[in-house]
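Structural overview
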Amino acid sequence: MELLRVENLEVVYNDVVLVLKGLSLSAAKGRITALLGANGAGKTTTLKAVSGLLHGEDGEVTDGCVLYDGAPIHRLPPERIVRAGVFQVMEGRRVFEDLDVEENLRCGAFTRPRSSFAPNLEKVYAYFPRLKERRKQLAGYMSGGEQQMLAIGRAIMAEPRLLLLDEPSLGLAPLLVEEIFDIIRRFNQSEGVTVLLVEQNARAALSVAEHGYIMENGRVVMEGPSKDLLNNPDVQEFYLGLSQGGEKKNYRSVKHYRRRKRWLG
Amino acid sequence: MLEYYLQLLVNGLVVGSIYSLVALGFVIIYKATKVVNFAQGELLMVGAYVCYALTVQAQVPFVAAFLLTLGFSVVLGLAVERLALRPLIGEAHISVIMVTIGLSSVLKSLVQLFWGTNIQVFPEVLPNTPVFIAGMPVSPVYIAAFALSFLLFAGFSLFFKYSRLGIAMRATAFDQQAAQSMGIGVKNIFALSWCIACVVSCVGGVILGNINGINAQLGYMGLKVFPAVILGGLDSLLGAAVGGLIIGVLENVCDGLAKDVLNLSGFKEVAAFVVLVVILMIRPYGLFGTHEIERV
Ligand SMILES: Nc1ncnc2c1ncn2[C@@H]1O[C@H](COP(=O)(O)OP(=O)(O)OP(=O)(O)O)[C@@H](O)[C@H]1O
Ligand SMILES: [Mg+2]
């Protein structure tokens, strides 16, 4: 059963720049799906196409569709999509710096009934005790890690069915990355929320996800269960930074080029 | 002599509280939408004339007329945002500024068309026997004006601090796209900003009408919001309040001084702008404004 299905999606920025070139993927209900790829591959664009945030950026879906629970959503404004249960945690945290922690969390709860605010707040504070300690602090004065917790806390307040996470590990120390991924996993398991996780940190992402997609240049070039991807030599080389033996460097770089060509084909 | 200056101070505070209201409207629009609204003074004028039309021409009792004017200003705010500003979302700043300048001419012409250019006087709502405060005679309408401005400010401060929509407006002002990602309808927030700006300006207009009477030059009041908001900081509500009061007091006291000491009259009109130039030189982000804020 899939909650999200993206079919042959084409996205154009400013009427000229074609960034997604027929991208297809799906996210299974209640599971974590990873979307990996190099800088500029179009991962963020994919998430924005799902959450509707493209509209404000001169980005447009020119072909294909985004099906959420079987219904197309790519023509809806973002507030409707959030109300339908899709919530994107944007790249770079994007907390409201001159609002305090609790006010930020209230923004996350904007689309939810008042009655669910208090229990959800308790839930967020249970996941992130550090946010509770700093509840009256301005978000702008918090550390990067605390801001990322706040960004995810806002998402929890929104009670999403589909959570889109854009590089939650960005700029965090390894221990904190582990903590954040652990919370993502716990949130996924206890609430049954479906997660689409975009990451540069392929190893961390594949360790929590059941299934992964690798994209390059606006297309999916490889997909499979996380275990298979972790064991795939190409993935190991390009995304996990492992290489087998250093001697045949020249040959390897040629081969590298060929492989890229094939992926693009 | 001291009495003379105290009287000027009181006048300044009352006029200043009206500047504060208009400045509040300006700051709310600027914060939420980054639009510099050159029609703020004309919104005040329209409010004053609508209330005048209701009380004098339609003989509606003042309180009812006042409430109707509030209702009208909400509709006006929605209409202006929808018809004039929304089509321009995402356009260059300069085009948006030109539209607000155009809007100010349109509103001015409409007022002249309907009501002519003569001074019109409101009926007296409050008794005009002065109340004595610390031995100084103050007209009740002044007290009411000041109290009403203060209440509006307090109300909106609470609204922005505690209400769901107020917090959403602050979030939108800080980061529009992030606000959208929370499910906050940014277009609704823009419309709401214009509504609030219209309401506070129209209230300012009604107050002013009760004090001074109204004419078609009332819109120039709007020019005074620039020294007020630049003194207070373009993006600060508290700054709008304090800036408006300071400008009101300064221009009255300076004018009095100029008359008294130098035998000069007409200094009132320029005092505020002298202050403006000085602030821009020494503290361009204002008393309470954000430092890196963009100046227009
Ligand atoms: N608003 C925009 N207008 C024009 N081009 C854009 C816009 N946003 C992104 N792009 C372009 O689209 C391409 C894909 O960008 P995107 O942000 O989706 O990549 P990404 O995979 O998220 O990269 P990263 O890992 O660096 O975040 C890039 O070449 C980028 O320059
Ligand atoms: Mg990205």
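Since we're looking at a predicted model, the values are computed, not measured. (Residues numbered from 1 in each chain as written. Chains lettered and ligands numbered in written order. Predicted model: local features only at pLDDT ≥ 70, side-chain atom pairs only at ≥ 80, totals over all residues. Heavy atoms only, no water.)

This paragraph deals with the overall build of chain B. Check the secondary structure of chain B and you find eleven helices and two strands. For chain B, the sequential pattern of α-helices and β-strands runs α-α-α-α-β-β-α-α-α-α-α-α-α. Whereas a compact globule of 296 residues would reach a radius of gyration of roughly 19 Å, chain B reaches 19 Å, a difference of no more than 12%. Projected onto its principal axes, the C-alpha coordinates of chain B cover approximately 60 × 50 × 35 Å. When burial is assessed residue by residue, chain B has 53% of its 296 residues classed as buried. Counting only contacts in chain B whose residues sit at least 6 apart along the sequence, the fraction spanning at least 24 positions is 76%. (Helix = DSSP H or I, 4+ residues; strand = E, 2+ residues; numbered from the N terminus. Rg over C-alpha atoms; globule rule 2.2 N^0.38 Å. Buried < 20%, exposed > 50% of the residue type's maximum accessible area, 1.4 Å probe, protein only. Contact = heavy atoms within 4.5 Å.)

Moving on: the coordination of the magnesium ion (ligand 2). Residues and elements named next belong to chain A. Donor atoms from the polypeptide that coordinate the magnesium ion (ligand 2) comprise Thr44 (OG1) and Glu91 (OE), at 1.9 to 2.3 Å from the metal. Here Glu91 lies in the loop between strand 6 (86-89) and helix 3 (101-108) and Thr44 lies in helix 1 (residues 43-51), a separation of 47 residues in the sequence. On the basis of relative accessibility, which here comes to 31%, the residue Glu91 falls in the partly exposed class. (Donors = N, O, S within 2.8 Å, 3.2 Å for Na, K, Ca; no water.)

All names here are of chain A. On average, residues of chain A carry a pLDDT of 90, and 91% of them reach 70 or more. Here residues 245-255 scores under 50 on pLDDT; set against residues more than four positions off or in separate chains, the count is three contacts. Note that residues 257-265 has pLDDT below 50 and, in this model, 14 contacts with residues that lie over four places away or in other chains. (pLDDT = per-residue confidence, 0-100.)

As a further point, take the interface of chain A and chain B. Counting residues at the interface gives 27 residues for chain A, matched by 20 residues for chain B. Together chain A and chain B conceal approximately 2100 Å² of surface at their shared face, both sides included; 57% is due to carbon and sulfur atoms. Three residues, Phe96(A), Arg106(A) and Phe110(A), lead the burial of chain A against chain B; their summed loss comes to 29% of the area buried on that side. Linking chain A with chain B are three salt bridges. (Buried area = accessible area lost by both parts, 1.4 Å probe. Salt bridge = Lys/Arg side-chain N within 4 Å of Asp/Glu carboxyl O.)

Now for the nonpolar core. Counting residues in hydrophobic clusters, the biggest one holds 139 residues, and the most contacted among them are Phe128(A), Leu131(A) and Leu163(A). Element by element, the count of residues in this core is highest for helix 1 (residues 2-33) of chain B, at twelve residues. When residues no more than four places from it in sequence are discounted, the contact partners of Leu163(A) are Phe87(A), Val89(A), Ala155(A), Phe187(A), Val193(A), Thr194(A), Val195(A) and Leu196(A). Leu9(A), Ala49(A), Val86(A) and Leu164(A) belong to the second-largest nonpolar core, a separate cluster that totals 29 residues. (Core = buried A, V, L, I, M, F, W, Y, C linked by side-chain atoms within 4.5 Å.)

Now for the site of ligand 1. All names here are of chain A. Surveying the vicinity of ligand 1 reveals 15 residues, the closest of which are Asn39, Lys43, Thr44, Thr45 and Gln200. The side chain of Asn39 places a nitrogen or oxygen atom 2.7 Å from an oxygen atom of ligand 1. A distance of 2.7 Å separates an oxygen atom of ligand 1 from a polar side-chain atom of Lys43. Coverage of ligand 1 by the protein chains reaches 67% of its 630 Å² of free accessible surface. Residue contributions to the shell around ligand 1 peak at three residues, all from helix 1. (Near = heavy atom within 4 Å. Polar contact = N/O pair within 3.5 Å; in protein donor to acceptor, adjacent residues only side chain to side chain. Areas by Shrake-Rupley, 256 points an atom, 1.4 Å probe, with all protein chains shown as cover.)

Residues and elements named next belong to chain A. Of note, Gln148 is situated in helix 6 (residues 144-157). The class of Gln148 is buried, set by a relative accessible area of 2%. When neighbours within four sequence positions are excluded, Gln148 is seen to be in contact with Val89, Arg93, Glu167, Pro168, Leu172 and Ile180.

Right, let's talk about empty space enclosed by the protein for a bit. Taken as a whole, this structure holds one cavity of 30 Å³ or more when the rule is applied. The calculated volume of the largest cavity comes to roughly 30 Å³. Along the walls of the largest cavity sit Phe87(A), Gln88(A), Val89(A), Met90(A), Arg93(A), Ala151(A), Arg154(A), Ser181(B) and Met182(B), which together make up its complete lining. When contributions to the lining of the largest cavity are tallied by element, the ones reaching two or more residues are strand 6 and helix 6 of chain A. (1 Å grid on protein atoms, 1.4 Å probe; cavity = no way out; pocket = protein on both sides within 12 Å on 5 of 7 lines; lining within 4 Å. Points joined across faces, edges and corners; volume = space filled by probe spheres on them.)

Let's shift gears to a nonpolar patch on the surface. Among the surface-exposed residues, Val270(B), Val274(B), Val277(B), Val278(B), Met281(B) and Ile282(B) lie close enough to one another that they form a single nonpolar patch of about 570 Å² accessible area. Here Met281(B) shows up in helix 11 (residues 268-282). (Patch = residues over 30% accessible without salt bridge, like charges linked within 9 Å, V, L, I, M, F, W, Y side chains within 5 Å.)

Turning next to the side chain of Ser17(B). Residue and element names in this part refer to chain B. With respect to the secondary-structure elements, Ser17 resides in helix 1. Using a relative accessible area of 4% as the deciding quantity, one classes Ser17 as buried. Of the polar contacts made by the side chain of Ser17, one reaches the side chain of Ser149; its length is 3.3 Å. The contacts of Ser17, once residues within four sequence positions are left out, are Ala145, Phe146, Ser149 and Leu245.

One ladder, built from nine bridges, connects strand 1 (residues 2-13) of chain A with strand 2 (residues 17-28) of chain A; its direction is antiparallel. Among the inter-strand pairings, Arg5(A) is bridged to a residue of strand 2 of chain A, identified as Ser26(A). (Pairing = 2+ DSSP bridges.)

Turning our eyes to something else, we now look at helix 6 of chain A. Residues and elements named next belong to chain A. Compared with an ideal rise of 1.5 Å per residue, which puts 14 residues at 20 Å, helix 6 spans 20 Å between its outermost C-alpha atoms and is within 8% of the ideal. Helix 6 sits mainly inside the fold: 13 of its 14 residues count as buried. Following helix 6 by one or two positions, Glu159 has its phi on the positive side, about 45°. (Expected span 1.5 Å × (residues − 1).)

This brings us to the environment of Asn8(A). All names here are of chain A. Looking at the secondary structure, you find Asn8 in strand 1. Separated by twelve residues in the primary sequence, Asn8 and Leu20 place their C-alpha atoms 8.8 Å from one another. In this view, Asn8 contacts Gly22, Leu23, Ser24, Asp63 and Gly64; residues no more than four positions away in its chain are not counted.

With that settled, the discussion passes to the pattern of salt bridges. Tallied over the full model, the rule gives 18 salt bridges over all chains. Residue Lys161(B) is joined to Glu103(A) by a salt bridge in which the shortest nitrogen-to-oxygen separation is 3.1 Å. Here Lys161(B), found in helix 5 (residues 140-162), pairs with Glu103(A), found in helix 3, and the two come from separate chains. Using a relative accessible area of 37% as the deciding quantity, one classes Lys161(B) as partly exposed. Residue class for Glu103(A) comes out buried when judged on its relative accessible area of 6%. A salt bridge links Arg134(A) to Glu146(A); the shortest N-O distance between them is 2.9 Å. With Arg134(A) in the loop between helix 5 (129-133) and helix 6 and Glu146(A) in helix 6, the pair connects residues that are twelve residues apart, well separated along the chain. Bridged by salt links that share partners, the residues Glu2(A), Arg5(A) and Glu7(A) form one connected network.

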